[in-house]
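Below are the chains, spelled out letter by letter.
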Amino acid sequence: MVQSVFLRMGFLMARTVPVLILLICLLAGGGCSALKLTIPVEASGGDWRMAGGDPGRTGYIRVSCPPPLDLRWSADLDGGIGSSAAVLADSIVFVATLHGDIQAFMARTGSEAGSRRLGTAIFGAPVVEDGNLYTTLSGDQNSILCYELRSGRIVWKAAMGETETAPVVLENSIVFCTLSGSVFSVSKKNGDVLWKYVPGPENHPAGIHSSPAAGEGTIVFGNDEGFLTALDASGGGKLWTFKARAGIIGSPVIAGHRVFAGSLDSTFYAIDASNGSLLWSRPLGSPLYSSPASGDGRVVAGTSDGRVVGLSAASGEVLWSFRTNAPVNAAPAVADTVLYIGSLDKTLYALGAVSGNLVWKYELEGRIRSAAAVSKYGVFVLSDDKKISAFVPSEHR
Amino acid sequence: MRIRLLQSVFVLLFFLPSSPVHAQFFTFGRNKVQYTDFNWHVLKTDHFDIYYYPEMEDLARRGAFIAEESYRALEQKYNHCILNRIPLIFYSSHLHFEQTNTTPGFIPEGVGGFFEFFKGRVVIPYDGSMFDFRHVIRHELVHVFMYSKIGRVLYDHRMLQDHLPPLWFTEGLAEYWSETWDQQAEMVMRDAVVSGYFVPLSSMDEIAGTYLMYKEGQNLLRFIGQRYGDEKILLLMENFWKSGTFEDVFRMTIGESYREFDREWSYALKKQYYPLLAGADQPAAVTVPLVTEGFNSKPVYERTATDTTIYFIGNHSGYTSIYRIPCGRSGAKPKVVVEGEKTDEFEAFHPFQSKMSISPGGVLAFVTKSGENDALHLYDTRAGKELRTIHFNDLVVLGSPSWSRDGTSIVISAVDKSGNSDLYIWDVRTELLTRITNDIYDDKDPVWSPDGRTIVFSSDRTSFGDSGAYNLFVWDTTTKTVRYLTWGPETYSSPDFSPDGKTLAFTCNTGGARNIWIMSVDSLLNPGPMKQLTHFTTAAFDPVWADSGIVFVSFENFSFQIRSVPDARARYDTSVVSRQGNSVVTGPPWSPGKLAGSTEISALKYTGDYSLDVAQSQISTDPVFGTAGGAFLSLSDLLGNEEYDFLLYNTAQSSDELLSSFNLAISRVSLQRRTNFAYGVYRFSGRRYDLTDPDEFFFERSFGGYITLSYPLSKFRRISILTSVTNSEKDATDNSLNGSPLANFDPSRRALFLSNSVSFTHDNSLWGPSGPLDGTRFNITLAYTSDVKYSNADYYSVIFDYRQYFRLADRSAWAVRLWLFYNDGKEARRFFMGGNWDLRGYDRWSIRGTKLWLISNEFRFPFLDQLSFRFPFGGVTFVGLRGALFFDAGNAWDTDYPGTLGSIGGGVRLNLFGAIVLRDDFGKRIEDNFTRFQQGWFNQFFFGWDF
């Protein structure tokens, strides 16, 4: 009888101990996830370090990544994806999720380099520079923080209000917009506020869902009321405003002394970056949620009726149009002569940047809402089935 | 029907092994009759699987076009796309739609379609109007997109997809993004603001689910859209993850609390609508009331040598019926002429769609749903009896019959199986039915001209039909051609000729409100000017000439009343011309789009596409029965016609019992045809506690099978039969050996039961918050059960259950119930009663016997309409508390009648959210064979609906 009891206990132990260990591991793992890189992160010119690839959000990068592409790896993400893309620094891909995580993957292999929960939700793509990661936060007490990748510690954080856009990095500062309509410039070093722009009633305060772009000494952003505003990058003074007929949700692009922006009024605008005057406008027939890309005399925009439209940057003339099967929310990313863009139809398209012709496409399992990040390591795409997929030029071309 | 049959099956599964006939568990309820044998096909488009039957293929292709067009529009509105194919189930008429098995409940006439998000199905009937069809398709697709969008937002943030925005938002948006601001929306909002019953956003819960909520929600979101842009509405959905309460989400997104927003919204509405009173009136201020209580519609006027009478469709008691009142006597109490919704013949009226007509000889023509299709009824108002009921085989829905002045023919609008709404003339003498229009346009409200040479009707065959406008048209009996009588982007409807045939009254919504207009029609080829008779802030419907006056239905204070303008003719003669006649102006009718046969489309015959309805596994522990674990799976096809249920569980208490303690049941339930059936096999094993023998536990192993059929004779009556075979091995357990109920098995009975039963059920009851208030419920069941192998059991059963409800006032009734249950034979089962559900004052199920009788009398009345508690942290409100006074008598026995038991007392019932009724009864038992009252009082609290 006693033996029987011990046998039963032994059986119980044999079954329960591993479960307990597993539970402890899960609890421990859930409570102390880490993003601590053991290798230095040295950003280079071929990296896609922030939303839009550069401070002007041009979406153009001078690397060669020609299609056809092969799917090299894919990995699960801890949460959904906001409007901004993955970013690359050195050989590491960083992804911010709507669950408030930053996840890092080795670009070549897809092996996870670490993850860290930093807040409630992160909408905009982070910026990686000088071994630090800067990210904005939503639904959280803090607005922005600086995370040191080598030590895995938060260097500084600052609370200025909720933000759902990506920050833009300048030489010594980080600039970001808040949902309440303010713009802050903080020191990269310690998060101190360098200047802030809080619009009074005369400056049409409204929520901001448009990530700011930087260039030509200005910061440009759109707001939910359709105002495109340019601030002096050094002091935060207002330089000019331009009014569209409906909200500007996508990030503007600053390229070649011009600011390009699409509006929910279904029109695409080109503005003189120096004074805010309208250079040209082009009705595109459906609201524009996507951020554009611009380079080589062209500007490309995605529309909510599923088109990708190439325009002349000089005149706004429609050069080409390509139709996908669902709204296009993602910003285009142009690598040399190839334009990569994802659609809510789950497909990543590669188009000729000059002709708009379809060169290659690949259907994923989830909708693509954010721009592809392009680098010498390949093309990295986030989809709303909570996956990151890495594509590399095919070896069987 | 589906619920009832499923309930029967599960009752059988659990009670068959021990008691093959337990008819006292049979439930009442009306029948969802599958009159029509649909031959389903599937049309595949880019984003939809469209289910249709061949008779309506053309309509299905038009619906497919609308669906794809709507999808593209909503894709942009939502900035979102749907990843899966959307099942879209079309019916060509509302009567066909009412037969759907995609939802188990009954579908009221007012339901234009629904989105069922469990399987993602959209189910929509066609009502003859392509504009309405487009509206409903888009309305339901707004729901599909919203459900997907909200689900995506919550999924992105790793939150449970277990809640949606409040109903005012979901339905308000579905209206806002599916149609333009139409006359009905305008009518309701004008009335709400001017009459002062407008409900602000902060109190919107009070009108949840009502039509007013739909329209206020639509107006509110329109206000937000105009003020901030539609992207703000989208942002409300994108921000849905930020808080568990939508009010917080609203405040974060709009920047105002509900109360702050209310100030601006209500001010804007007042500013918009109050100025209307400068040029228009509310109907009650300027017209004569005839019927102001209840819901009223479709009046007709009759003059005899001695009387003038108005007949109308009304709902004053819960049942929609035809009433009459003497004309000109304000405040006269309406009398029921034809009582509806209680019998097979007058199953349902169409109070919003179908007018009535009375012949010079006093024969009232009206339509009701009667069985599979609508029927035309001819009722002699002078003799007070129905003359004829006419069914037209190929016509599903009928509407607005109109007598010719000579009484020889009736023109009527009708929807055939293809969904087309056209006009027909029925010759009363020859019974020949002639179709006079045949196209996709919605032709309705036909009326004979007094000279019998033309028919005037309302139709969307106008150039403005695309925007939902209807013009008046003339059909010429000689040339058999149709031409315009009115022309414009408004809606003209309900024409009615004056007795002299020189003027035509109708309604027109020029200026936003539907008012009564009169046109001179000395010559229909060259009609005279139109003059606006009424200038109401809200609306007028169904004008009919009553000699020189006009009787009509007014909408005001959210009620439909019958009113009159006694001097209409005189007003017409003296008023100024509002608009010249339009007969010379014509234009081509609009042309609704149709998805052509492209390579993207394929039409296939439907084969059952099964998916999971319920999957549940559970482990439970009971102090008596120990631990049991199991799983239940239920699969059904997309149309809900066929269902398979699987039940598997194990009650083993030790490893050696494992194999012998498996319980398994597999059932198939078929609801596709009129005769519903279910069959299955089962194997049960385990300890049981017999409710009828409270001192007996036993262990039983049984296996067998059953088949049951249910044939609905009508919505109110059905016949059900059941046959089962069960092999049972029952071991009594001696419970005196406490602690080891398994220790003393005494194999006491083996049996092979063959059980047959047949039952008849009738139910036309009308329910209030706690139970029925009107109508009759009746069930009689005969059953015979025998042990065909061992002769251990052999008994028969008779169940008689009759319940009658006598309405005393709108919300009070006297209810009577009579039970006579009789089981007799070897091992006959005992019945049981006692407690709140039957014989009150006695312990629950404490009175047992193979014979049972019970009579209950109960006076049901409203007790408290609202009970609110306000705490510092919030409040809670209970509505619909009902009271009861009761008197019960009865008893149960085996051999010798022990004397009569009874009770008398009162009680309170509280309906919680429509799902459950809590009931508390108190009173005195009548004991000792009805000779004395108990000392003190009893009090019993339980749950359950009134009998």
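What you see is a predicted model, and the numbers here were worked out from it, not measured in a lab. What you see as residue numbers is a count from 1 along each chain, following the sequence as written. As they are written, the chains are lettered A onward and the ligands numbered 1 onward, keeping that order. With pLDDT at 70 or above as the cut-off, local features in this predicted model cover only qualifying residues; side-chain atom pairs require 80 or more to be listed or tallied, and sums for whole chains, interfaces and linings still use all residues. Heavy atoms throughout the structure, all of them, feed into the side-chain values; hydrogens and water do not.

Comment: elements are numbered from the N terminus, with helices defined as DSSP H or I runs of at least four residues and strands as E runs of at least two. In terms of regular secondary structure, chain B is built from 12 helices and 50 strands. A compact globule built from 947 residues would reach a C-alpha radius of gyration of about 30 Å, and chain B, at 31 Å, matches this within 12%. Each of the three principal axes of chain B carries a C-alpha extent, and together these read 100 × 70 × 60 Å. We call a residue buried when its accessible area falls under 20% of the maximum for its residue type, exposed when it is over 50%, and partly exposed in between, using a 1.4 Å probe and counting protein chains only. A total of 947 residues make up chain B; the buried ones form 58% of that total. The long-range fraction of contacts in chain B, counting pairs at least 24 apart against all pairs at least 6 apart in sequence, stands at 57%. Side chains of chain B carry 92 positive and 110 negative charges; the gap between the two charge centres is 2 Å. Here the radius of gyration uses the C-alpha set of atoms, whereas the globule reference equals 2.2 Å times the residue count to the power 0.38. In what follows, a contact means two residues having at least one pair of non-hydrogen atoms within 4.5 Å. For the purpose of counting charges, residues Lys and Arg are taken to be positive, whereas Asp and Glu are taken to be negative. His and the chain ends are not included. In this description, the location of a charge corresponds to atom NZ of lysine, CZ of arginine, CG of aspartate or CD of glutamate.

All names here are of chain B. A pair of strands is treated as paired once DSSP finds two or more bridges between them. The antiparallel open sheet is built from four strands, whose spatial order is β6-β29-β28-β27. Of all strands in the sheet, those bounded by a partner on one side alone are β6 (288–291) and β27 (539–546). Mean inter-strand twist for the sheet, computed between neighbouring axes without regard to direction, equals 30°. The sheet contact formed by strand β28 (residues 549–556) and strand β29 (residues 559–565) spans seven bridges and is antiparallel. Bridged to S554 within β29 is Q561. Axis angles are defined between N-to-C directions and span 0 to 180 degrees, where every axis is a line fitted to C-alpha atoms and, for a helix, only to the segment in contact.

Right, let's get into the confidence of the model for chain B. All names here are of chain B. On average, residues of chain B carry a pLDDT of 88, and 92% of them reach 70 or more. Across residues 736–746, confidence stays below pLDDT 50; counting only partners more than four residues off in sequence or on other chains, it has 14 contacts. ipTM for the predicted complex: 0.89, alongside a pTM of 0.89. Summary of the metric used: pLDDT quantifies the predictor's per-residue confidence within the range 0 to 100.

Attention shifts here to the packing of aromatic side chains. All names here are of chain B. Only rings of Phe, Tyr and Trp enter the pairing, Trp through its six-membered ring, and a pair is recorded when the two centres are within 6.5 Å. The plane angle decides the type: under 30 degrees is stacked, over 60 is edge-to-face, the rest tilted. For the structure shown, the criterion picks out 82 aromatic pairs over all chains. Residues W168 and F250 carry aromatic rings whose centres are separated by 6.5 Å and whose planes lie at 75° to one another, so their mutual orientation is edge-to-face. You can see W168 sitting in helix α5 (residues 167–176) and its partner F250 sitting in helix α9 (residues 246–254), a full 82 residues away along the chain. Residues W168 and F250 agree in their burial class; the two are buried.

Bringing the pairing of strand β40 (residues 772–787) of chain B into the picture now. Residue and element names in this part refer to chain B. When you tally the buried positions in β40, you get 13 out of 16 residues, the bulk of the element. Across two bridges, strand β39 (residues 766–767) lies against β40 in antiparallel orientation. By the bridge assignment for β40, L766 is matched with D774. As consecutive antiparallel partners, β39 and β40 are separated by four residues. With 12 bridges joining them, β40 and strand β41 (residues 794–809) adopt antiparallel strand pairing. Across the sheet, residue L782 finds its bridge partner in β41, namely V798. Connecting the antiparallel pair β40 and β41 is a turn made up of six residues, with S791 showing a positive phi of about 60°.

Method remark: on a 1 Å grid restricted to protein atoms, a set of points is classed as a cavity if a 1.4 Å probe fits but cannot get out and as a pocket if it is open with protein on both sides within 12 Å along at least five of seven lines; lining residues have an atom within 4 Å of a point. Grid points are joined across faces, edges and corners, and a volume is the space filled by probe spheres set on the points. Taken as a whole, this structure holds seven cavities of 30 Å³ or more when the rule is applied. In this structure, the largest cavity encloses a volume near 810 Å³. Considering the residues around the largest cavity, the lining is formed by 40 residues, among which G82, S83, H209, I249 and Y289 of chain A are closest to the centre. Considering every element that reaches the lining of the largest cavity, the biggest residue donor is helix α8 (residues 230–238) of chain B, with five residues. Residues of the lining of the largest cavity, tallied by class, amount to 15 nonpolar, 15 polar and 10 charged. Following the grouping adopted for this structure description, the nonpolar residues are Ala, Val, Leu, Ile, Met, Phe, Trp, Tyr, Cys and Pro, the charged ones are Asp, Glu, Lys and Arg, and the polar ones are all others, Gly among them.

Once that is clear, we can look at the sheet that holds strand β29 (residues 347–352) of chain A. Neighbouring strands of a sheet are bound in pairs by backbone hydrogen bonds; such pairs are parallel or else antiparallel. Residue and element names in this part refer to chain A. Overall, mixed pairing links the five strands, which are arranged β1-β27-β28-β29-β30 in an open sheet. A strand with exactly one partner marks an edge of an open sheet, and here the two such strands are β1 (60–61) and β30 (358–363). Direction of pairing for strand β27 (residues 333–335) relative to strand β28 (residues 338–342): antiparallel, over a ladder of three bridges. Residue pairing for β28: V334 is matched across the bridge by L339.

In this section: a nonpolar patch on the surface. Residues and elements named next belong to chain B. Taken together, Y679, I707, L709, I719, I721, V758, I780 and L782 make up a surface patch of nonpolar side chains, about 570 Å² in accessible area. Secondary structure elements with two or more residues in the nonpolar patch: β36 (697–712), β37 (717–733) and β40. By the element assignment, I780 lies in strand β40. Patches here are clusters of residues that have more than 30% relative accessible area and form no salt bridge, with a 9 Å joining cutoff for like charges and a 5 Å cutoff for nonpolar side chains (Val, Leu, Ile, Met, Phe, Trp, Tyr). Here the accessible surface of atoms and residues is derived via Shrake-Rupley with a 1.4 Å probe, and residues count as covered only by protein chains that are part of the display. Salt bridges are counted wherever a side-chain nitrogen of Lys or Arg sits within 4 Å of a carboxyl oxygen of Asp or Glu.

On to the side chain of S449 of chain B, then. Residue and element names in this part refer to chain B. Inspection of the secondary structure assignment puts S449 in the loop between β19 (443–448) and β20 (454–459). Take S449: its relative accessible area is 3%, and that puts it in the buried class. Among the polar contacts made by the side chain of S449, one reaches the side chain of D451 at a distance of 2.6 Å. Once you skip the residues sitting within four places of it in the chain, S449 turns out to touch T454 and F497. Polar contact is the term for a pair of N or O atoms within 3.5 Å; when the atoms are in protein, one must be able to donate a hydrogen and the other to accept it, and sequence-neighboring residues count only if both atoms are side-chain atoms.

Residue and element names in this part refer to chain B. Between helix α4 (residues 130–156) and α5, the shortest axis-to-axis distance is 8 Å and the interhelical angle comes to 135°. As summarised for this structure, α4 and α5 are arranged oblique, according to the angle between their axes. The two elements α4 and α5 meet at a crossing, and its hand is right-handed. Touching H135, H139, V142, H143 and M146 of α4 are F169, T170, E171, L173, A174 and E175, all from α5. Angles below 35 degrees are treated as roughly parallel, those above 145 as roughly antiparallel, those between 65 and 115 as roughly perpendicular, and all remaining angles as oblique. Crossing chirality is assigned from the near helix's rotation relative to the far helix, an anticlockwise turn below a right angle marking it left-handed and a clockwise turn marking it right-handed.

Moving on to the interface of chain A and chain B. Contact with chain A, which involves 39 residues of that partner, is made by 22 residues of chain B. Here chain A packs against chain B, burying approximately 2,200 Å² in sum over the two surfaces, 50% of which is carbon and sulfur. When the shortest N-O distance is used, the salt bridge between E164 of chain A and K242 of chain B registers 2.6 Å. Between chain A and chain B we count 13 residue pairs in polar contact (both at pLDDT 80 or more) in total. Here the quantity called buried area is the total loss of accessible area, with a 1.4 Å probe, experienced by two parts when brought into contact, counted for both.

All names here are of chain B. By the burial criterion, the buried members of α9 are F246, V249, F250, T253 and I254. The buried residues of α9 all sit within an arc of 105° when viewed along its axis, so they share a single face. Looking one or two places after α9, you find G255, whose phi comes out positive at around 90°. The arc in question is the one traced by the directions running from the helix axis out to the C-beta atoms.

To continue, consider the packing of α8 of chain B against α9 of chain B. Residue and element names in this part refer to chain B. Remark: α8 packs on α9, axes separated minimally by 9 Å, with the N-to-C direction vectors making an angle of 135°. Classified by the interaxial angle, the pair formed by α8 and α9 is oblique. Classified by chirality, the crossing of α9 by α8 is right-handed. Side by side, α8 and α9 meet where K232, L235 and L236 of the first sit next to F246, V249, F250, T253 and I254 of the second. Classifying every residue of the contact of α8 with α9 by side-chain character gives six nonpolar, one polar and one charged.

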